[in-house]
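# Observations on the model geometry
These are the residues of each chain, in order.
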Amino acid sequence: MIIRVLVMVGGLMGGGVASQFPEYAQQYTQRLGGAVDALGQVVADFDASASAEGLSRNEALAQMQGTDLIVRRRADMARTFDRHARLAADLELLQSAGPFMRAYHATRLTDGEVARAALASYEPAVPINFAGLTFAGSGFVAGLLAMWAALKIALWLWPFRR
């Protein structure tokens, strides 16, 4: 009886956690859009400065030599260009995907800064749409199975089992 209750609790916990994925993915996508916009402005400013000097982006980066500060700034800008391209690609994919495809592409929800910002302001939402209920049901089943397996292993390893 206690095992059934614990397995049910595991299922409910799994359902509750999994049901939050669609809302978190939506909030992450919104934050990602803001990050892409901010990085896009930095990239556009750099490109405008390079263009004003008759240089391409790569030519302008190549000319950033001399002092340690300039060399560091060049490395910073190269990282900014790379991050902007990666985040813009992630944003395009996530905006065109529905909640189930966002779960399939969950590896695109991994930018540390964006994820921390999304988690910091995240508030759980009640899943009243099809996607939320589907995730809740999947999480419930996964939680049931995980708790059942954990209890089976614990009882098997228990030193005083019958």
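Description of the structure in this document. A quick note: this is a predicted structure, and the numbers were derived from the prediction, not measured.

### A look at the packing of aromatic side chains
- Applying the stated criterion across every chain, the model contains six aromatic pairs.
- Between Phe-46 and Phe-81, the aromatic rings sit 5.2 Å apart at their centres with planes inclined by 65°, giving edge-to-face as the arrangement. With Phe-46 in helix H2 (residues 21-52) and Phe-81 in helix H4 (residues 68-96), this pair connects stretches of sequence that are 35 residues apart.
- The exposure class of Phe-46 is buried, given its relative accessible area of 14%.
- For Phe-81, a relative accessible area of 8% puts it in the buried group.
- Seen in terms of ring centroids, Phe-100 and Phe-130 are 5.9 Å apart; in terms of plane orientation they differ by 70°. Their pairing is edge-to-face. Of this pair, Phe-100 sits in helix H5 (residues 99-104) while Phe-130 is found in helix H7 (residues 130-157), placing the two residues 30 residues apart along the sequence.
- Phe-100 gets classed as partly exposed once you look at its relative accessible area, which sits at 38%.
- Owing to a relative accessible area of 61%, Phe-130 belongs among the exposed residues under this scheme.
- By the ring-pair criterion, three or more aromatic residues cluster together here, those being Phe-21, Phe-100, Phe-130 and Phe-135.

### Looking at the packing of H2 against helix H6 (residues 112-121)
- Their axes nearest at 9 Å, the elements H2 and H6 cross at an angle of 125°. Taken as axis vectors, H2 and H6 run oblique relative to one another. Every pair of crossing elements has a handedness; the one defined by H2 and H6 is right-handed. Two secondary-structure elements touch here, H2 through Tyr-24, Gln-27, Tyr-28, Arg-31, Leu-32 and Ala-35 and H6 through Val-114, Ala-115, Ala-117, Ala-118, Leu-119 and Ser-121.
- Split by residue class, the contact of H2 with H6 holds nine nonpolar, two polar and one charged.

Criteria and thresholds
Residues numbered from 1 in each chain as written. Predicted model: local features only at pLDDT ≥ 70, side-chain atom pairs only at ≥ 80, totals over all residues. Heavy atoms only, no water. Phe/Tyr/Trp six-rings, centres within 6.5 Å; stacked < 30°, edge-to-face > 60°. Helix = DSSP H or I, 4+ residues; strand = E, 2+ residues; numbered from the N terminus. Buried < 20%, exposed > 50% of the residue type's maximum accessible area, 1.4 Å probe, protein only. Axes fitted to C-alpha atoms, helices over the stretch in contact; angles between N-to-C directions. Parallel < 35°, antiparallel > 145°, perpendicular 65-115°, else oblique. Left-handed = near helix turned anticlockwise from the far one by under 90°. Contact = heavy atoms within 4.5 Å. Nonpolar A, V, L, I, M, F, W, Y, C, P; charged D, E, K, R; others polar.

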